[in-house]
Amino acid sequence: MTKFATIALACGSAMGSFALMPAAAQAQDVSLNYDRLSSLEEPIAFDLGQVTVEVTGVIDTPVIIEFDELTDDTSIEAEFVGNFQISASTQLANRWNIGVAYFGQYATAAVDTFDGGADYSDNVAAFVGTSVGTVLGGNVNGQVRELTRRQRGVGNAFLAFDDFYGSLDDWGGAYQGRFGPTVLAGVVDENGDFELGGAFQRPIGQRDIRFSARYRQSEFVAADGMIAFDSSGVGLVGELVYGSTLYDVGVGYETLENRLTGADIDRWFLSAGAQTQLGPVRLSGEAHFGQIDGEDEISAALGASYDIARGLSFNLGVNYQKAQAVTDTVTVIDTDEVKAIASLRFSF
């Protein structure tokens, strides 16, 4: 754990250095949508007196074909996913922006490919935006992850394992502020676990580059649902955009400490991908390789999307994942499956 304390201290020092830059921070837009399905359209906005209201949403109707190698089963399911975010904000006399945001999603029971899960789930937060950034309270555990992550795949592509196993609790507080081309963020959950991160992005000639880094201290519950681990992880991402094509790569290292035995499990991973647009067609391909406790962790995802009309698109995806790790009779993870997904999607 000492090496991660050193990494966290280095990240904190770097953030402090950026915060001392002369450029003033800018308040950030607030998004509580940590799901893979998010609207690509401009939000619907209107005023109610001195309050500005913004609404976005997505409706998706996926058909999922799943090949599970562990159970040797094949299933075909027609499903439904719908989500929306509504936010309301106003500016005070001192130029502070205050507001609330609410995100809700309904997914039918078999849609576990999507991050939100089955049935109805939601996130809510209140925020205050000032010249030195935005402070949030509520379901804010995904704020640093969304800032620093690799670009999501196109259409119905979903790359498994491209994150730490450990996760933060839903409720907590967060900060995010922009200092020139650099955005810094931090989250602390109700259990005292936390995540720190930052991203730097700017154009260089005809290219756009982005670099990000983050450190997370959190909790992970094994696949058997019984054994809990303390997780510490650090990740880096690099991204290059040239014309209509994007390339990115991410690396990560994580340790999982068994709370019962104190034994450590080491995990490392490398993820890379590319995506491009050809008229109304967007394509993406991604791959992931890592090891957990010496066992291979592999995934891949291919995605495609065709824009039919404003907000309406047809989407495809083929996703593969395979990983198995058993240590001290504890099944940390055990999965081997392929999912093919086709859907008609409407964004607003």
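Residues numbered from 1 in each chain as written. Predicted model: local features only at pLDDT ≥ 70, side-chain atom pairs only at ≥ 80, totals over all residues. Heavy atoms only, no water.

For the rest of this paragraph, the subject is the overall build of the chain. On a plain count of helices and strands, the chain comes out with two helices and 19 strands. A total of 348 residues make up the chain; the buried ones form 45% of that total. Considering only intrachain contacts with a sequence separation of at least 6, the fraction spanning at least 24 residues in the chain is 58%. (Helix = DSSP H or I, 4+ residues; strand = E, 2+ residues; numbered from the N terminus. Buried < 20%, exposed > 50% of the residue type's maximum accessible area, 1.4 Å probe, protein only. Contact = heavy atoms within 4.5 Å.)

Here the chain averages 88 in pLDDT, and 89% of its residues register 70 or above. Least confident of the elements in the chain is helix α1 (residues 2-19), whose mean pLDDT is 41; most confident is strand β10 (residues 182-189), at 98. Note that pLDDT drops below 50 for residues 1-24; the model gives that stretch 29 contacts with residues more than four away or on any other chain. (pLDDT = per-residue confidence, 0-100.)

What follows concerns the nonpolar core. Of all hydrophobic cores here, the largest spans 17 residues; its most connected members are V30, L32, L136, V140 and V187. Counting residues per element, the ones that place at least two in this core are β6 (97-107), β7 (119-130), α2 (143-148) and β10. Take this core: its biggest share by element is three residues, from β10. Beyond its immediate sequence surroundings of up to four residues, V187 is in contact with V140, N141, Q143, V144, L168, G173, A174, D193, F194 and E195. F229, I265, V330 and V332 belong to the second largest nonpolar core, which has 15 residues in total. (Core = buried A, V, L, I, M, F, W, Y, C linked by side-chain atoms within 4.5 Å.)

Here the focus is the environment of R216. Locating R216 in the fold gives a position in strand β12 (residues 207-221). We classify R216 as buried; its relative accessible area is 5%. Beyond its immediate sequence surroundings of up to four residues, R216 is in contact with R145, D163, F164, G166, S167, L168, F194, E195, S231, S232 and G233. At a separation of 3.2 Å, a polar atom in the side chain of R216 contacts the side chain of E195. (Polar contact = N/O pair within 3.5 Å; in protein donor to acceptor, adjacent residues only side chain to side chain.)

Here we come to the packing of aromatic side chains. Within this structure, the stated rule accounts for eight aromatic pairs. With a centroid separation of 6.4 Å and an interplanar angle of 40°, the aromatic rings of F80 and Y106 are classed as tilted. Of the two residues, F80 sits in the loop between β4 (73-78) and β5 (81-91) while Y106 sits in strand β6, which places them 26 residues apart along the sequence. On the basis of relative accessibility, which here comes to 32%, the residue F80 falls in the partly exposed class. Overall, Y106 belongs to the partly exposed group, its relative accessible area being 38%. Seen in terms of ring centroids, F220 and F229 are 6.1 Å apart; in terms of plane orientation they differ by 35°. Their pairing is tilted. Given the relative accessible area of 1%, F229 is considered buried. Taken together through their ring pairs, the aromatic side chains of Y165, F220 and F229 make up a single cluster. (Phe/Tyr/Trp six-rings, centres within 6.5 Å; stacked < 30°, edge-to-face > 60°.)

Within this structure, the stated rule accounts for three cavities of 30 Å³ or more. Of the pockets and cavities examined, the largest cavity occupies roughly 100 Å³. Forming the walls of the largest cavity are 15 residues, and the residues nearest its centre are R214, L236, V237, V251 and F269. Taken together, the elements giving at least two residues each to the lining of the largest cavity come down to α2, β12, β13 (228-242) and β14 (245-258). A volume near 80 Å³ is recorded for the second largest cavity. Along the walls of the second largest cavity sit twelve residues, with R149, R152, G153, F158 and L159 positioned nearest its centre. Taken together, the residues of the lining of the second largest cavity sort by class into three nonpolar, two polar and seven charged. (1 Å grid on protein atoms, 1.4 Å probe; cavity = no way out; pocket = protein on both sides within 12 Å on 5 of 7 lines; lining within 4 Å. Points joined across faces, edges and corners; volume = space filled by probe spheres on them. Nonpolar A, V, L, I, M, F, W, Y, C, P; charged D, E, K, R; others polar.)

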